[in-house]
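Here is how the chains run, residue by residue.
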Amino acid sequence: MDKFITFYDKYTIWQLSEDSLHELAGFVVRENYKHHSNSRPNIHFDAEVEAVYREEVRYFNHSRIFVAKNSENNIIGAIRLMLWDGRETLPIQSLFGIQCLNDISPDDSCSAIWHIGRLAVNTDIGRHGLLLFKSLLLYAMYPICNRKKGIVFAECDSKLLRTMKLMGIRVHSLGNGIEYLGSETIPVYSTYDDLVGFFRENQSSYGINQASVVA
């Protein structure tokens, strides 16, 4: 069962259970096609949903997945944070061939390597979309910004990447983008130092603290 975390004006935040992973996969694939390039899901939609679902099942035991729901209990936003175990193949490795993640990481033997994925926001919620996007990012950033050292990798849609930079989040590209789930997707990373300023500036406004982040 999903775990309730908190509520905002127009939505609630939950930590997703394994039972809800297929719903998450469908939402993420559908929103990628709706939001990026205004295209409808193609004939491969079901196969793409199943691929995302299988990947999230593999990652689940090392992950925290946060979703926002509307009053009808439908998912309207999602993000997944995973602490990499050094064994599972990450999308940034399989999609972009970037294998030596430890070589990119900060020069610290205790550095944590994180991965953020499945970031999607419903396109129909208008001006609330940016607030929802920001709150989901902050929930994902909490564990990263409380470890003092570390790096986070992601495959970021080019439009979301521009939005993050406009918000003051420092993000570094690792190469050219590819077409993935209906949009141009770029491999990126940020370090603790890149994220901590934005996190500290905004966490109190969104009530992000240890009590609100479910273990």
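Given the structure is predicted, the values throughout are model-derived calculations rather than measurements. (Residues numbered from 1 in each chain as written. Predicted model: local features only at pLDDT ≥ 70, side-chain atom pairs only at ≥ 80, totals over all residues. Heavy atoms only, no water.)

Caption draft 1: Expanded view of the nonpolar core. Ranked by size, the top nonpolar core spans 42 residues in total, and within it I13, I79, I116, I169 and I208 carry the most contacts. Elements that contribute at least two residues to this core include exactly β3 (63-69), β4 (75-83), β5 (112-121), α5 (128-145), β6 (150-157), α6 (158-166), β9 (183-191) and α7 (192-202). Per-element tally for this core: the top contributor is α5, with eleven residues. Every residue in contact with I116, bar those within four places of it in the chain, is listed here: I79, R80, L81, A140, I144, V152, F153, A154 and E155. Counting twelve residues, the second largest nonpolar core, distinct from the first, contains L16, L21, L24 and V67. (Core = buried A, V, L, I, M, F, W, Y, C linked by side-chain atoms within 4.5 Å. Buried < 20%, exposed > 50% of the residue type's maximum accessible area, 1.4 Å probe, protein only. Helix = DSSP H or I, 4+ residues; strand = E, 2+ residues; numbered from the N terminus. Contact = heavy atoms within 4.5 Å.)

Caption draft 2: How the structure looks around the packing of aromatic side chains. Enumeration according to the criterion identifies six aromatic pairs in this entry. Ring geometry for F4 against W14: centres 5.4 Å apart, planes inclined by 75 degrees, an arrangement best described as edge-to-face. Separated by ten residues along the polypeptide, F4 in strand β1 (residues 3-7) and W14 in strand β2 (residues 12-15) bring together distant segments of the chain. Since its relative accessible area comes to 44%, F4 is described here as partly exposed. When the ring of F66 is compared with that of Y139, the centres are 5.5 Å apart and the planes differ by 40 degrees; the resulting orientation is tilted. One end of the pair, F66, is in strand β3; the other, Y139, is in helix α5, and 73 residues separate them in sequence. Overall, F66 belongs to the buried group, its relative accessible area being 0%. Owing to a relative accessible area of 0%, Y139 belongs among the buried residues under this scheme. In this structure an aromatic cluster arises from ring pairing among Y8, Y11 and Y206. (Phe/Tyr/Trp six-rings, centres within 6.5 Å; stacked < 30°, edge-to-face > 60°.)

Caption draft 3: Local environment of the pairing of β5. Across the ten residues of β5, ten count as buried, placing the element largely inside the fold. Summarising the sheet, β4 and β5 pair through six bridges and their orientation is antiparallel. Across the sheet, the residue bridging to L81 is I116, located in β5. Pairing between β5 and β6: five bridges, direction parallel. Note on β6: the bridge partner recorded for A112 is G150. Following the backbone out of β5, through α5 and into the adjacent parallel β6, one traces a crossover that is right-handed. (Pairing = 2+ DSSP bridges. Right-handed = clockwise from strand over helix to strand, strands pointing away.)

Caption draft 4: Examining unusual backbone geometry more closely. At N73, a position not held by glycine, the phi torsion is positive, near 70 degrees. The exposure class of N73 is partly exposed, given its relative accessible area of 44%. Unusually for a residue other than glycine, R118 sits at a positive phi of about 55 degrees. With respect to the helices and strands, R118 occurs in strand β5.

Caption draft 5: Focus on the packing of α5 against α7. Taken N-terminus to C-terminus, the directions of α5 and α7 make an angle of 120 degrees; their axes are 10 Å apart at the nearest point. Relative to α7, α5 is oriented oblique. The way α5 lies across α7 gives a crossing that is left-handed. In contact with K134, L138, M141, Y142, I144 and C145 of α5, α7 contributes Y192, L195, V196, F198, F199 and N202. Here the contact of α5 with α7 is built from residues that sort into ten nonpolar, one polar and one charged. (Axes fitted to C-alpha atoms, helices over the stretch in contact; angles between N-to-C directions. Parallel < 35°, antiparallel > 145°, perpendicular 65-115°, else oblique. Left-handed = near helix turned anticlockwise from the far one by under 90°. Nonpolar A, V, L, I, M, F, W, Y, C, P; charged D, E, K, R; others polar.)

Shape is all these values report; function is a separate question.
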